[in-house]
Amino acid sequence: MVDRRPLGQRNYSDFAGRYSARLATQPWNAYYERPATLSLLPDVAGRRLLDAGCGPGVYAKDLRARGAEVVGLDVTPEMLLEAHARLGPDVPLLRANLERPLPFAYATFDIVLSALVVDYVEDWDALFAEFHRVLRPGGTLVFSTGHPASDIEVARRHGDPDTDYFSCTSLVYVWHGWGDPPQPIEFLRRSLEDTLNPLARAGFILDHVLEPKPTELFREREPKDYERLQRSPAFLCLRATKSD
């Protein structure tokens, strides 16, 4: 039988507990992607922030501590249970599919954050149009995604060596370091132009591009990967603004 659940839910329904237990200190997240992505945010104190694809609530917890008024949404029920356990009742959490219109009115948020989530969504034109709609004029979108150069290398090494860089293609990559058994994760990889142009079409102004380098804490935990990531990034972190 074909599993018609959204891609993110298919990936994480049976993996949410292990993912939540390790995310706060897992080197690739805690000491590489997460500090880079969070560095792009403006001052969040007193701002209304949507954590789009909040997962188990690790980013939301940090941002709440900084004074943000956080709303989290995720497509995976098991992830929302993990987030509720981490955040308590004071952070509203909603189940929503980023492949569909968001359940918010126009100009609801000052900031939208979406960390390593958009790789599970095929139609970025529709997604960024929704992010644009729910942001207030002058609002900020910050998101992270797989780096196109890294993803095509992974696709050709672990999938089809003739993968077309310019086509949006599905790729399954097996994650290690999250406990046993290793976890296969399916995501969508795309070219740089298909990463950036949907932002412009939605009406965003690209403000900052960050190809992150790993932190010293990452070097302590993953010295071999540290040297590789110093030369070639695995992620791409972007900040864009909704024009007034």
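This report concerns the structure included in the present document. (Residues numbered from 1 in each chain as written. Predicted model: local features only at pLDDT ≥ 70, side-chain atom pairs only at ≥ 80, totals over all residues. Heavy atoms only, no water.)

Here the focus is the overall build of the protein. Helix and strand content of the protein: 10 helices and 9 strands. Relative to the globule expectation of 18 Å for 244 residues, the C-alpha radius of gyration of the protein, 17 Å, shows essentially globular dimensions. Within the span of the protein, comprising 244 residues, buried residues form 52% of the whole. Carbon and sulfur atoms make up 51% of the accessible area of the protein, which totals about 11500 Å². (Helix = DSSP H or I, 4+ residues; strand = E, 2+ residues; numbered from the N terminus. Rg over C-alpha atoms; globule rule 2.2 N^0.38 Å. Buried < 20%, exposed > 50% of the residue type's maximum accessible area, 1.4 Å probe, protein only. Areas by Shrake-Rupley, 256 points an atom, 1.4 Å probe, with all protein chains shown as cover.)

A word on the environment of Leu-41. Its place among the elements puts Leu-41 in the loop between helix H3 (27-39) and strand S1 (48-52). Sequence separation between Leu-41 and Phe-109 is 68 residues; the distance between their C-alpha atoms is 14 Å.

Secondary-structure assignment places Pro-27 in helix H3. Judged by relative accessible area, Pro-27 falls into the buried class, the value being 4%. For Pro-27 and Asp-194, which are 167 residues apart along the polypeptide, the C-alpha to C-alpha distance reads 28 Å. Those residues in contact with Pro-27 that lie beyond four places of it in its chain are Tyr-32, Phe-218, Arg-221 and Glu-222. (Contact = heavy atoms within 4.5 Å.)

Judged by pairing direction, the sheet is mixed, and its 7 strands sit side by side in the order S3-S2-S1-S4-S5-S9-S8 without closing on themselves. The open sheet has two edge strands with one neighbour each: strand S3 (93-95) and strand S8 (204-210). Put simply, the sheet's adjacent strands are angled 20° from each other on average, direction ignored. The pairing of S1 with strand S4 (residues 109-115) spans 3 bridges and is parallel. For Leu-49, the partnering residue across the bridge sits in S4 and is Ile-111. Contacting S1, S4, strand S5 (135-146), S8 and strand S9 (235-242), helix H6 (residues 124-134) runs over the sheet at an angle of about 145° to S5. (Pairing = 2+ DSSP bridges. Axes fitted to C-alpha atoms, helices over the stretch in contact; angles between N-to-C directions.)

Now for the packing of aromatic side chains. One pair of aromatic rings is described through two measures. These are the centre distance and the angle between the planes. Inspection of every chain in the model, using the stated rule, returns 21 aromatic pairs. Taken together, a centroid distance of 5.9 Å and an interplanar angle of 75° make the contact between Phe-15 and Trp-178 edge-to-face. Pair noted here: Phe-15 is in the loop between helix H1 (7-12) and helix H2 (16-23) and Trp-178 is in the loop between strand S6 (169-175) and strand S7 (183-189), with a separation of 163 residues, a long-range link. Note on accessibility: Phe-15 and Trp-178 belong to one class, buried. Three or more aromatic residues joined by ring pairs make a cluster, and in this case those are Tyr-12, Phe-15, Tyr-19, Tyr-120, Trp-175 and Trp-178. The ring centre of Tyr-59 lies 5.5 Å from the NZ or CZ of Arg-34, which sits over that ring. (Phe/Tyr/Trp six-rings, centres within 6.5 Å; stacked < 30°, edge-to-face > 60°. Lys NZ or Arg CZ within 6 Å of the ring centre and 35° of its normal.)

Taken as a whole, this structure holds 1 cavity of 30 Å³ or more when the rule is applied. Of the volumes computed, that of the largest cavity is approximately 40 Å³. Lining the largest cavity, in full, are Asp-119, Trp-124, Thr-145, Gly-146, Pro-148, Asp-151, Leu-188, Arg-189, Arg-190 and Thr-195. Residue assignment for the lining of the largest cavity shows that the elements contributing at least two residues are S5, helix H7 (148-158) and S7. Partitioned by chemical class, the residues of the lining of the largest cavity number 3 nonpolar, 3 polar and 4 charged. (1 Å grid on protein atoms, 1.4 Å probe; cavity = no way out; pocket = protein on both sides within 12 Å on 5 of 7 lines; lining within 4 Å. Points joined across faces, edges and corners; volume = space filled by probe spheres on them. Nonpolar A, V, L, I, M, F, W, Y, C, P; charged D, E, K, R; others polar.)

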